[in-house]
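So you can see what is in the structure, the chains are spelled out below.
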Amino acid sequence: PPALRQRGEPFVVADLGVAAGANAVSVARLVISEFMGRRPGEAISYAFEDLPLNDWTVLAQTVSAAKLPCFTSFVPRSFYEPLFPPASLSLSLSFITLHWLSEAPRLSADAVLAMERHTAADVAAEWRDQAHVDLVSFLRLRATELKDGGEGVYLMVGGGAALPAHEWARPPSGGPSIFSVALSRAVAAGDIDEAAAMAASVAYHLRTDDEVRRAAGEVGASLELLDVTSAEVRVAEGRSAEEHADLAWAIHSNSILSSSGIGDEAGERVRLHLRDVVATEFGDSGATISYVSLAVRRIPREANAASEEGAVAPASEAVATAALESRRLPRAAPAGCSYSQRGWDPMWLARALADPARPTFLFGSTPPRDGTTAAEAAQICAKFVARSRAHASDGFIVYDIQDESSRNAESRPFPFRRTIDPSEYAQHFPPASGKSTVLYKACSEADEAAFASWLDGAQRRNHHTLNLVGPSSSGDTPRISMERAAALVNERPGMAFGCVTIAERHLTKGTEHLVLLRKAGYGAKWFISQAVYDAEATIKLLHDYAGECRRRGCRPVKILLTFAPVGRPKTLQFVKWLGVHVPSAVEERILAKANATESKTKEAAVLESIDVCCEALQRILQMAGGCGVPLGLSVESLSGFREEIDGCFELFRRLQATMLDSVCSPWAVRWYRVPVHSMARSHSEEQLAADAGPEMAEEEQAAGSI
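Residues numbered from 1 in each chain as written. Predicted model: local features only at pLDDT ≥ 70, side-chain atom pairs only at ≥ 80, totals over all residues. Heavy atoms only, no water.

**Some details on the overall build of the chain**
So, step 1. From N to C terminus, the chain includes 24 helices and 19 strands.
So, step 2. Burial analysis of the chain (706 residues in total) assigns 54% to the buried set.
So, step 3. Sequence separation of 24 or more characterises 83% of the internal contacts of the chain that already satisfy a separation of 6 or more.
So, step 4. When the accessible surface of the chain is summed, it comes to about 29800 Å², and 52% of that surface belongs to carbon and sulfur atoms. (Helix = DSSP H or I, 4+ residues; strand = E, 2+ residues; numbered from the N terminus. Buried < 20%, exposed > 50% of the residue type's maximum accessible area, 1.4 Å probe, protein only. Contact = heavy atoms within 4.5 Å. Areas by Shrake-Rupley, 256 points an atom, 1.4 Å probe, with all protein chains shown as cover.)

Dropping the structure here:
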C-alpha cells in the first residue's frame with residue numbers, strides 16, 4: 001500500500017480475529033519481511049485482535065514463541081466496535097473470520113446453519129440483511145482507522161455468483177448440515193436433550209461476490225474497492241475422517257456449545273457423532289469450501305472531503321444542523337390540505353424507529369397547560385419547532401403527562417398540572433416542521449371501547465406513531481391491559497407503536513430484559529428509556545437483553561436512550577422522585593455548581609449535567625455499543641425553567657455527535673432552502689435540491705440534511 005512507502009511514518013498493522021494465533025503469526029512474518037525489505041531499520045507495530053472470551057494466554061504464548069521483530073499488542077474487543085484511533089493504521093487484515101456476524105437472526109429449529117438447504121427464504125433473507133449491515137459497519141470502522149492510502153485485506157468464507165460452496169452446510173448427499181445430523185444422532189442416543197439441539201446455531205453467513213461488492217459500495221466515499229476475488233478450496237483433503245471432523249468441530253464448537261447450553265462433556269459426545277457423519281459423507285476426500293477476499297484502500301481525506309458537497313465533521317467538531325435523512329420537501333400547501341396532497345409519508349418515522357441499521361434522534365416536548373386554546377398551542381409548537389429546526393432530529397415526542405403520585409409516597413416536588421390532550425398538541429408538529437411525532441399514550445381507559453374511541457380520535461388527527469405507557473404502579477385503578485391496548489393498535493392499518501423501558505427496574509428486579517421481549521411480542525417496534533443518569537444500569541440491561549435475544553434466536557429492537565439536563569436542586573429532586581437513579585457522585589457534581597456563589601450558577605449546573613449525560617452516553621457506547629442492540633437518542637426537558645430548556649438543545653447536539661462519531665461513518669452537513677410550511681418525505685438529495693430550487697419566497701427558511 002502507499003502507506004508502506006511513507007518513510008518515517010509509523011507502520012502499524014492490525015490482524016483482526018486471530019484466535020490462537022497460529023495462522024496470524026505466519027501472516028505477520030510475511031508482512032514484516034516485506035516491510036523490512038522496503039524500509040530497513042524502521043520500526044513496525046503489530047496488533048492482534050479477537051473477542052474478550054478468546055484464549056489470550058495461548059495467543060500470547062504463540063506470538064511470544066514466534067519472536068517477531070516488531071512491537072506487539074493485543075486488543076480484546078469485537079471488530080464490530082472501534083478498535084484504534086482515527087487514521088492510525090497502515091494495514092488492516094482479517095483472515096477467515098468476517099463471515100461471523102455480530103448477532104444471530106432467527107433460525108429454523110431444525111437447522112444449525114442459515115445456509116442449509118431447507119432454510120426458509122424469509123429466514124435466509126434476514127441473515128443476508130444482517131450480514132450486509134455487519135460488513136458495512138465493519139468497513140466504516142476500518143475506514144476511520146486507516147491512514148490515507150492505508151489498505152485493508154479481508155478473507156472470509158463465501159464467494160461465488162450464487163450460493164457459496166460449503167459442503168459442511170450442504171453436503172453432497174443432499175441432506176441437512178453435518179452438524180444438524182450429528183446433533184440429531186446425539187439426541188437419539190440420549191446424549192443431549194432435544195431442546196438443546198434445537199437451540200444450537202452457528203452465527204455466520206456466507207456472502208456472494210456481489211454481496212461483498214454491494215457492502216463495499218456503501219462506503220465508496222471513504223474506501224476505494226481494489227479487488228473482490230473468490231475461489232473454491234478442498235478442505236481436509238487426504239486427512240482421515242476423524243481429523244476432518246475434528247477440524248470442523250474446532251471451528252464451530254464454541255458457537256454450538258454456547259447457543260445450545262450443553263457442557264463440554266456432552267459436546268465431546270456430539271463430536272464423536274460428527275466423526276461418524278463425516279466418515280459416511282466424505283470419507284477421506286475432504287470437503288469443498290469457497291472463500292472470498294476483499295481488498296480496499298483508504299481514499300485521502302482531503303480528496304474525500306472535496307468530493308462531498310459539505311464538509312465531513314471530525315469527532316472534535318461534530319455539529320448536527322439538519323434532518324438526518326434526506327427528504328423531498330414539496331411546495332407549500334394550504335394548512336387545511338390533506339397529508340396525501342402534501343406528498344408526505346406519515347409512516348416514515350415509524351419505519352425509521354424500527355430500522356436497526358440507523359440511529360434515530362428525537363426531541364421531546366410537553367403539551368401546554370389545560371385551557372390553552374388551539375391557536376395558542378399552535379404558536380407554542382411553532383416556537384419549539386423554530387428552535388429545533390437547526391438540529392438533526394428525525395421527529396418529535398409529545399408526552400402524556402400523568403400525576404404518578406401512586407409511584408412514590410413522597411410529595412411531588414412540582415405540583416401536577418393537567419395539560420391539553422397530547423394528541424391535540426401533537427397535531428401541530430407535522431405542518432410546522434414536516435416531521436412526525438411519537439405520541440405518548442398512557443393506557444388509562446377503563447375498557448377496550450374507551451381506548452378504541454381514543455384511537456379513533458388519534459387517527460382523525462393523523463397520528464400514526466404511538467408510545468404506549470402502562471400504569472404508574474401495580475396499585476393503580478384497574479384499566480385496559482398493555483397487551484389488549486397493543487392488540488387494538490395492531491388491528492389498525494397505518495399505526496405502529498413502541499413502549500417505555502426503565503433500566504432502574506432491571507437493577508432491582510433483574511427482569512426488565514424479559515419485559516422488553518414480552519412487549520416486543522405484543523408488537524412493540526422500539527423502546528424509549530426513562531431519563532438516563534446511571535450508565536451502569538443501562539449497560540447491564542442492554543447486555544442482558546442482547547444475550548436473551550441471542551438465546552431465543554430473535555433480533556433486538558431499537559432502544560432510544562433519553563437524556564435530560566438539570567440545573568436546579570428542585571429539578572434534580574423531581575428526577576429522583578420519578579424513579580431515575582442518580583448516583584451520589586453525579587448529584588454532588590451538579591449540586592456543587594448549582595450551589596456555587598458565583599454568578600450564572602444555574603447555567604453552570606446545567607452545563608455540568610450536560611457533561612454528565614455525555615459521559616454516560618460515551619460509557620454506554622464503549623461498554624455496550626457492540627452488544628447488538630440498536631440504539632437511538634431522545635432529549636427532553638423535565639421542567640419549565642429557561643436554562644434547562646435551553647440546555648436541551650446543546651445536549652441534543654453533543655449527544656448526537658457522540659453517537660454519530662461512534663458509528664465511525666463520516667457525516668456531512670448540507671443546507672437547502674425549503675418552504676417553511678411544506679410536509680416532508682424521504683427522498684434523494686438530488687430531488688430535494690431540485691424541488692427547493694434556487695429562488696424561494698421570503699417566508700421560506702433554511703433546512704438541511706446530514
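**Observations concerning the nonpolar core**
So, step 1. The biggest cluster of nonpolar side chains holds 87 residues, and the ones touching the most others in it are F451, L466, L468, F497, Y533, I559 and F563.
So, step 2. Residue contributions to this core peak at 11 residues, all from helix 22 (residues 601-624).
So, step 3. Once you skip the residues sitting within four places of it in the chain, L468 turns out to touch K441, C443, F451, M482, A485, A486, V489, F497, G498, C499 and V500. (Core = buried A, V, L, I, M, F, W, Y, C linked by side-chain atoms within 4.5 Å.)

**Brief notes about the packing of aromatic side chains**
So, step 1. The full count for this structure, using the stated rule, is 18 aromatic pairs.
So, step 2. On the basis of an interplanar angle of 45° and a centroid distance of 5.0 Å, the ring pair of F396 and F429 is categorised as tilted. In this pair, F396 is assigned in strand 10 (residues 395-398) and F429 in helix 14 (residues 429-433), connecting sequence segments 33 residues apart. Note on accessibility: F396 and F429 belong to one class, buried.
So, step 3. Where F451 meets W454, the ring centres are 6.2 Å apart and the plane angle is 25°; that geometry is what we call stacked. Of the two residues, F451 and W454 are both situated in helix 15 (residues 448-460); the distance of 3 residues between them amounts to about one turn of the helix.
So, step 4. Looking at F451, the relative accessible area reads 0%, which means it is buried.
So, step 5. Stacked on the ring of F138, the Lys or Arg R142 has its end atom at 4.8 Å from the ring centre. (Phe/Tyr/Trp six-rings, centres within 6.5 Å; stacked < 30°, edge-to-face > 60°. Lys NZ or Arg CZ within 6 Å of the ring centre and 35° of its normal.)

**Brief notes about the environment of A24**
So, step 1. You can see A24 is positioned in helix 1 (residues 22-38).
So, step 2. On a C-alpha basis, the gap between A24 and L59 in space is 9.7 Å, while along the polypeptide they are 35 residues apart.
So, step 3. Excluding residues within four positions of it along the chain, A24 makes contact with D15, V18 and F48.

**Considering the sheet that holds strand 7 (residues 287-298)**
So, step 1. Strand order in this open sheet of 7 strands is 3-2-1-4-5-7-6, and the pairing throughout is mixed. Every other strand in the sheet has two partners, leaving strand 3 (71-76) and strand 6 (223-235) as the edge strands with one partner each. Strand-to-strand twist in this sheet, taken as the mean axis angle between neighbours without regard to direction, amounts to 15°.
So, step 2. Relative to strand 3, strand 2 (residues 44-50) runs parallel, the two sharing 6 bridges. Paired with A47 across the bridge in strand 3 is S73.
So, step 3. Strands in contact with helix 1 are strand 1 (11-16), strand 2 and strand 4 (89-95); relative to strand 2, the strand with the most contacts, it is inclined by about 160°. (Pairing = 2+ DSSP bridges. Axes fitted to C-alpha atoms, helices over the stretch in contact; angles between N-to-C directions.)

**A few points about the sheet that holds strand 9 (residues 361-365)**
Note on sheets: strands pair through backbone hydrogen bonds, and any given pair is parallel or antiparallel.
So, step 1. Sheet architecture is closed into a barrel: 8 strands sit in the order 9-10-11-12-13-14-15-16, paired in parallel fashion. This sheet shows a mean twist of 30° between the axes of neighbouring strands, independent of strand direction.
So, step 2. As paired elements, strand 9 and strand 16 (residues 631-635) share 3 bridges and run parallel to each other. When the bridges of strand 16 are listed, L362 appears paired with S634.
So, step 3. On the sheet, helix 18 (residues 512-522) packs against strand 13 (496-501), strand 14 (526-531) and strand 15 (558-563) and is oriented at approximately 170° with respect to strand 13.

**Description of the pairing of strand 14**
So, step 1. Most of strand 14 is tucked away, with 6 of its 6 residues classed as buried.
So, step 2. Sheet topology places strand 13 next to strand 14; 3 bridges connect them, and they run parallel. Residue pairing in the sheet places V500 in a bridge with I528 of strand 14.
So, step 3. Inspection of the sheet shows strand 14 paired to strand 15 by 4 bridges, in the parallel sense.

**Digging into the pairing of strand 4**
So, step 1. Across the 7 residues of strand 4, 6 count as buried, placing the element largely inside the fold.
So, step 2. One ladder, built from 4 bridges, connects strand 1 with strand 4; its direction is parallel. Following the sheet pairing, D15 is matched in strand 4 by L93.
So, step 3. Crossover handedness for the path strand 4 to helix 3 (residues 121-145) to strand 5 (residues 146-157): right-handed. (Right-handed = clockwise from strand over helix to strand, strands pointing away.)

**Quick look at the side chain of T97**
So, step 1. Position of T97 among the secondary structure elements: in the loop between strand 4 and helix 3.
So, step 2. A polar contact is formed between the side chain of T97 and the side chain of S94, at a distance of 2.7 Å.
So, step 3. What T97 contacts, discounting residues up to four positions off in sequence, is L16, G17, F79 and L155. (Polar contact = N/O pair within 3.5 Å; in protein donor to acceptor, adjacent residues only side chain to side chain.)

**Some remarks on the side chain of S365**
So, step 1. Its place among the elements puts S365 in strand 9.
So, step 2. Here Y425 takes part through its side chain, which lies 3.2 Å from a polar atom of the side chain of S365.
So, step 3. Beyond its immediate chain neighbours, meaning those up to four positions away, S365 contacts F384, I397, V398, Y399, Y425 and F429.

**A look at unusual backbone geometry**
So, step 1. Despite not being glycine, A87 has its phi angle at roughly 55°, a positive value.
So, step 2. Structurally, the position occupied by A87 is in the loop between strand 3 and strand 4.
So, step 3. Of note, the phi angle at I96 is positive, near 60°, even though the residue is not glycine.
So, step 4. Mapped onto the elements, I96 comes out in the loop between strand 4 and helix 3.
So, step 5. Looking at I96, the relative accessible area reads 37%, which means it is partly exposed.

**What to know about the environment of S609**
So, step 1. Position of S609 relative to the elements: it lies in helix 22.
So, step 2. By relative accessible area, S609 is classed as buried at 0%.
So, step 3. Sequence separation of S609 and E644 is 35 residues, and the distance between their C-alpha atoms is 9.8 Å.
So, step 4. Residues within four places of S609 in sequence aside, it is in contact with Y533, P565, V566 and I590.

**A look at the environment of R269**
So, step 1. The topology assignment puts R269 in helix 8 (residues 264-281).
So, step 2. Assessed through its relative accessible area of 29%, R269 is described here as partly exposed.

**Let's talk about the packing of helix 7 (residues 241-260) against helix 8**
So, step 1. Where helix 7 contacts helix 8, the axes come no closer than 9 Å and their chain directions differ by 140°. In terms of orientation, helix 7 lies oblique with respect to helix 8. The handedness of the crossing between helix 7 and helix 8 comes out as right-handed. Counting all contacts with helix 7, which are made through A241, E242, H244, A245, D246, W249 and L257, the residues of helix 8 involved are D264, G267, V270, R271, L274, R275, V278 and A279.
So, step 2. Residues that form the contact of helix 7 with helix 8 fall into these classes: 8 nonpolar, 2 polar and 5 charged. (Parallel < 35°, antiparallel > 145°, perpendicular 65-115°, else oblique. Left-handed = near helix turned anticlockwise from the far one by under 90°. Nonpolar A, V, L, I, M, F, W, Y, C, P; charged D, E, K, R; others polar.)

**What about helix 21 (residues 584-594)?**
Working note: α-helix, 3.6 residues per turn, so residues spaced by three or four point in the same direction.
So, step 1. Turning to helix 21, its buried residues number three or more, namely V586, E587, I590 and A594. Looking straight down helix 21, one finds that the buried residues subtend no more than 100° of arc, so they occupy a single side. Exposed residues lying more than 90 degrees from the buried face of helix 21 are S584 and E588. (Arc of directions from axis to C-beta.)

**Examining the pattern of salt bridges**
So, step 1. For the structure on display, the rule yields 30 salt bridges.
So, step 2. In this structure, E512 and R505 form a salt bridge, with 2.9 Å as the shortest nitrogen-oxygen distance.
So, step 3. What makes R505 partly exposed here is its relative accessible area of 29%.
So, step 4. For the salt bridge of R589 with E615, the shortest nitrogen-to-oxygen distance reads 2.8 Å. Here R589, found in helix 21, pairs with E615, found in helix 22; they are 26 residues apart in sequence, far enough to count as distant.
So, step 5. Judged by relative accessible area, which is 30%, R589 ranks as partly exposed. (Salt bridge = Lys/Arg side-chain N within 4 Å of Asp/Glu carboxyl O.)

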